[in-house]
Amino acid sequence: MLSGSKTTSTDICRWAQALFLLHERIATRFARLEPRRRVLSYLQGILSETARKNGWQLAEFAGEEHPHGMQRLLSQAVWDTHGVRDDVRSYVIEHLGHEHAVLAIDETSFPKRGRKSAGVGWQYCGTTGQIENCQIGVFLSYITTKGHALIDRELYLPLDWCENADRRRSAHIPAEVRFQTKPELAAQMIERIQHAGIPIDWVVADTVYGSNVDLRNWLEHHHYHYVMAVACTEPVAFQTHEGRARIEACLIETRIPDQIQWQRISMCEGTKGPRLFDWAVVPLLHRWEDDGCHFLLIRRSIADPLEKCYYVVFASPFTPLSTMVAAIGCRWRIEEDFENGKDMGLDHYEVRCFLGWYRHITLVMLAAAYLAGIVATEKTQMLSAVLPPASSHAFPLIPVTIPEVRHLLGRLIWPIPRNMKRVLHWSRWRRCHQSRARYFHAKYHRDVG
């Protein structure tokens, strides 16, 4: 297990300086000085311990008189949102890049109370595990031995949104935006990775994407190896002693029991040690031919042998089972990225427009990439340093983590302001705004009812 060194004030100052350098790096994406300066305050607010990362609280944190400037940054200010997205990707590759990288696809939900936010609707919400009124974003995470971070995002727009001209107009959805399924959005983002010339060893995903044959065909056509989860009812074709057959994945053991050879392998390191499962791999037929590149991977729980998961694999011939298992083990890293992102306010936005969603999400991704870069740099320096032997009376320090770096920066570099005059000013502003909102809300109900 890696052990870390003590964090010093010099380290903290170096980390803070890295944000200013990152800000300079994206400065050319902004047409005017005002939003260019304000985006630095926005990033500092995201990294701070401010409870909610919406326009009001970020403006208060930045010492502004009202939230209009922060709101304008997300909605009307002129800056290249997609360019900053590309800067996020470049920054992540620069700090975490490795020739053997894994790309994870997943989605996360953003529960909402109203019906005017772009793409909002009653759909399955992974955050609560129920059908909720929410928005859904599809994301890519770049994963290597150095670390992991989100590098791309797309907002899923349900078909009813795309076909409703009034809703599109109210949310300022561009005319060229058309309906795309979640797997189509994933393919669109991976295509950007391909155009950027970034080498990827594996693409991993859950059943929403693994069960989509079009996405699998697209990945194969573009020579991307994948390990993706599928439902137990996924139809698969394979060779038996009697000939070729096609059945549901969960029934394959009953047809060729002599070909199922279980191996106990750890898919990744968990908080309590290796995550051990029993694994078996079966060659599959592709278009009714054995090309040596398609497989069904079966995962069996050690505690409950009846609990199984299934994965389809596209890989080079003779790829070891342990390599396939290690690839799918990386998928859980995107869940950590979502958790860290939401701790920083990934889901705290209060913007309704299409562009505003992309801008807030992109800036949170930029802040998260900045933290991932710090952690990766500290890890590299730790591996090259000669550490003194640990005291026999104390446990060694673990390496710094993204939450710990953010906590230190939030407490020491960008603390929440305590100026009484400013706090009282914002208290009055909020009360006045809420009074105005109540008045117009009541007036609306009187007029319509």
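Cut-off values and rules
Here the residue numbers are simple positions, counted from 1 along each chain's written sequence. Side-chain atom pairs in this predicted model are given and counted only at pLDDT of 80 or more, local residue features only at pLDDT of at least 70, and totals for whole chains, interfaces and linings cover all residues. Each side-chain value is worked out from all heavy atoms of the structure, with water and hydrogens disregarded. Strands here are runs of E lasting at least two residues and helices are runs of H or I lasting at least four, both read from the DSSP assignment and numbered beginning at the N terminus. Here the expected span of a helix is defined as 1.5 Å times the quantity of residues minus one. Residue burial is assigned from relative accessible area. The probe radius is 1.4 Å, only protein chains are included, and a residue is buried under 20% of its type maximum, exposed over 50%, and partly exposed in between. Directions drawn from the helix axis to the C-beta atoms are what define this arc. Each reported salt bridge corresponds to a side-chain nitrogen of Lys or Arg within 4 Å of a carboxyl oxygen of Asp or Glu. Here, axes are lines fitted to C-alpha atoms. For helices the fit covers the stretch in contact, and angles between N-to-C directions go from 0 to 180 degrees. Any angle that falls under 35 degrees is termed roughly parallel, while one over 145 is termed roughly antiparallel, one within 65 to 115 roughly perpendicular, and all others oblique. Contacts are assigned to residue pairs with any non-hydrogen atoms lying within 4.5 Å of each other. Gly is put with the polar residues, along with every residue not named as nonpolar or charged; the nonpolar set is Ala, Val, Leu, Ile, Met, Phe, Trp, Tyr, Cys and Pro, and the charged set is Asp, Glu, Lys and Arg. The definition of a nonpolar core used throughout is a set of buried Ala, Val, Leu, Ile, Met, Phe, Trp, Tyr and Cys residues joined through side-chain atoms within 4.5 Å. The pairing test for Phe, Tyr and Trp rings, Trp by its six-membered ring, is centres within 6.5 Å, and the orientation test on the planes gives stacked under 30 degrees, edge-to-face over 60, and tilted for anything in between. Lysine NZ or arginine CZ positioned within 6 Å of the ring centre and within 35 degrees of the ring normal marks a charge as sitting over the ring.

Caption draft 1: Region of interest: helix α1 (residues 9-26). Given a rise of 1.5 Å per residue, 18 residues ought to cover 26 Å, and the 27 Å separating the end C-alpha atoms of α1 matches this to within 8%. Of the positions making up α1, those classed as buried are D11, I12, W15, A16, A18, L19, L22, H23 and I26. Viewed along the axis of α1, the buried residues span an arc of 140°, placing them on a single side of the element. Facing away from the buried side of α1, by more than 90 degrees, are the exposed residues S9, T10 and E24.

Caption draft 2: Spotlight on the pattern of salt bridges. Within the structure shown, the criterion is met by 26 salt bridges. We note a salt bridge from R331 to D106, for which the minimum N-O separation is 3.2 Å. Here R331 is found in the loop between α12 (321-329) and α13 (332-343), whereas its partner D106 is found in strand β1 (residues 102-111), with 225 residues between them in sequence. In terms of burial, R331 and D106 fall into one category: buried. Note that R192 and D152 form a salt bridge whose closest N and O atoms lie 2.9 Å from each other. Pair noted here: R192 is in helix α8 (residues 182-195) and D152 is in strand β4 (residues 147-156), with a separation of 40 residues, a long-range link. Take R192 and D152: they sit in the same class, and that class is buried.

Caption draft 3: The arrangement of the packing of helix α2 (residues 33-47) against helix α4 (residues 68-75) in detail. Axis separation between α2 and α4 bottoms out at 10 Å; the angle between their running directions is 105°. When the axis of α2 is compared with that of α4, the two are roughly perpendicular. In contact with E34, P35, R38, V39, S41 and Y42 of α2, α4 contributes G69, M70, R72, L73 and L74. Broken down by class, the residue content of the contact of α2 with α4 amounts to six nonpolar, two polar and three charged.

Caption draft 4: Region of the structure containing the nonpolar core. Judged by nonpolar contacts, the single largest core of 139 residues is most densely connected at I105, W279 and Y370. Among the elements that line this core, the one with the most residues is helix α14 (residues 354-384), at 16 residues. Sequence-distant contacts of W279, that is, excluding residues within four places in its chain, are made with Q261, W262, Q263, I265, M267, L297, I298, R299, Y311, L321, V325 and I328.

Caption draft 5: Region of interest: the packing of aromatic side chains. Enumeration according to the criterion identifies 12 aromatic pairs in this entry. Between F110 and W357, the aromatic rings sit 6.1 Å apart at their centres with planes inclined by 80°, giving edge-to-face as the arrangement. Of this pair, F110 sits in strand β1 while W357 sits in helix α14; the two residues are 247 residues apart in sequence, bridging distant segments of the chain. Residue classification places W357 among the buried positions, given a relative accessible area of 0%. Ring geometry for Y226 versus F314: centroids 5.8 Å apart, planes at 35°, classification tilted. With Y226 in strand β6 (residues 226-230) and F314 in strand β12 (residues 308-314), this pair connects stretches of sequence that are 88 residues apart. Taken individually, Y226 and F314 each receive the classification buried, so the pair is uniform in this respect. Site record: aromatic cluster; members linked through ring pairs are F110, F139, F338, Y349, F354, W357 and Y358. Note that R331 overlies the ring of W332, its terminal NZ or CZ placed 4.6 Å from the centroid.

What is shown is where atoms sit, not what they do.
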